[in-house]
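# Coordinate inspection notes
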Amino acid sequence: MDMNDKGKKIKSFAPILSVALVTACVVGSLSGYKEPVYAAQKTEKVEDKVSKTTSSEKVEKKSTAKGSFDLADGVYKGTGTGYAGDITVSVQIKDKQIVAIDILSSSDDAAFFNRAKAVIDRIIEGQTLNVDTVSGATYSSNGIISAVKNALTGEKDSGETGQSQSGGTAAAGSSTSVGHFLRTVHTCYPFLFSAPAFALV
């Protein structure tokens, strides 16, 4: 058998070999893959261990932020609209200051919602509802702010979810994962995206 015959036999297996190589690349890229952990999630875990009295002491130590909420001491409940539905919070007022904000319920995706919880610290530290939202979790952030505003003023938001505003569906989150996967494969195995990957002579 001469070289041309061997080349033709190998060429006939090229599609099968390319599929096997792509499969091996996919498996190699996904092995050991873990969901990204955002800083807000780590902060939240630490905050869970801190008691309400500690967060109250932290607010009282900050002399720059003076409370201006003309409400009697107590706990106020409010509801706002996040990305997927209602967000319910309880807001504790003491000496006209917000000393604690607790999430009672939420319909939003946990990964995004945990990032959005960073607005709680911003509200307490600044003693204001006029705070920036968390990038990448805008709808959930706005839902928390609206819920706190509803608890303190009775003002309700439009009730329109972020999902209906953006026209998003549950598949929106999966497209991000597919995009991440394709970027990873392209970075690790750029030859797969060049033409032709298996040109045999």
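A brief look at the structure comes next.

### A closer look at the packing of helix H6 (residues 118-126) against helix H7 (residues 138-153)
- Direction vectors running N to C along H6 and H7 enclose 40 degrees, while the axes themselves pass 9 Å from each other. Taken together, the axis directions place H6 and H7 in an arrangement best described as oblique. In this structure, H6 meets H7 at a crossing whose hand is right-handed. Here Val119, Ile120 and Ile123 of H6 lie close against H7, whose contacting residues are Ser141, Ile144, Ile145 and Val148.
- Looking at side-chain class alone, the contact of H6 with H7 contains six nonpolar, one polar and no charged residues.

### Some remarks on H6
- Among the residues of H6, those classed as buried are Val119, Ile120, Ile123 and Ile124. Along the axis of H6, the buried positions cluster into a sector of 135 degrees, meaning they face one direction only.
- Trailing H6 by a residue or two, glutamine 127 shows a phi angle of about 50 degrees, which is positive.

### A few points about the pairing of strand E3 (residues 97-106)
- Alignment of strand E2 (residues 86-94) against E3, held across eight bridges, turns out to be antiparallel. By the bridge assignment for E3, isoleucine 93 is matched with isoleucine 98.
- In this structure, the hairpin formed by E2 and E3 is closed by a connection of two residues, where aspartate 95 is found at a positive phi of approximately 55 degrees.

### Remarks on the environment of tyrosine 83
- Tracing the backbone shows tyrosine 83 in the loop between strand E1 (74-81) and E2.
- By relative accessible area, which is 24% here, tyrosine 83 ends up partly exposed.
- Each C-alpha atom, one on tyrosine 83 and one on serine 141, is 9.1 Å from the other, the two residues being 58 residues apart in sequence.

### What about the packing of aromatic side chains?
- The final tally for this structure, using the stated rule, is one aromatic pair.
- A ring pair is formed by tyrosine 83 and tyrosine 139, whose centres lie 5.7 Å apart and whose planes are at 50 degrees; its orientation type is tilted. Placement of tyrosine 83 in the loop between E1 and E2 and of tyrosine 139 in helix H7 is noted, with a sequence separation of 56 residues between them.

### Let's talk about unusual backbone geometry
- Its identity as a non-glycine residue notwithstanding, aspartate 95 has a phi of 55 degrees, on the positive side.
- Overall, the relative accessible area of 56% leaves aspartate 95 in the exposed class.
- In this model, lysine 96 sits at a positive phi of 65 degrees, which is unusual for a non-glycine residue.
- Relative to the helices and strands, lysine 96 is located in the loop between E2 and E3.

Rules behind the numbers
- Residues numbered from 1 in each chain as written.
- Predicted model: local features only at pLDDT ≥ 70, side-chain atom pairs only at ≥ 80, totals over all residues.
- Heavy atoms only, no water.
- Axes fitted to C-alpha atoms, helices over the stretch in contact; angles between N-to-C directions.
- Helix = DSSP H or I, 4+ residues; strand = E, 2+ residues; numbered from the N terminus.
- Parallel < 35°, antiparallel > 145°, perpendicular 65-115°, else oblique.
- Left-handed = near helix turned anticlockwise from the far one by under 90°.
- Contact = heavy atoms within 4.5 Å.
- Nonpolar A, V, L, I, M, F, W, Y, C, P; charged D, E, K, R; others polar.
- Buried < 20%, exposed > 50% of the residue type's maximum accessible area, 1.4 Å probe, protein only.
- Arc of directions from axis to C-beta.
- Pairing = 2+ DSSP bridges.
- Phe/Tyr/Trp six-rings, centres within 6.5 Å; stacked < 30°, edge-to-face > 60°.

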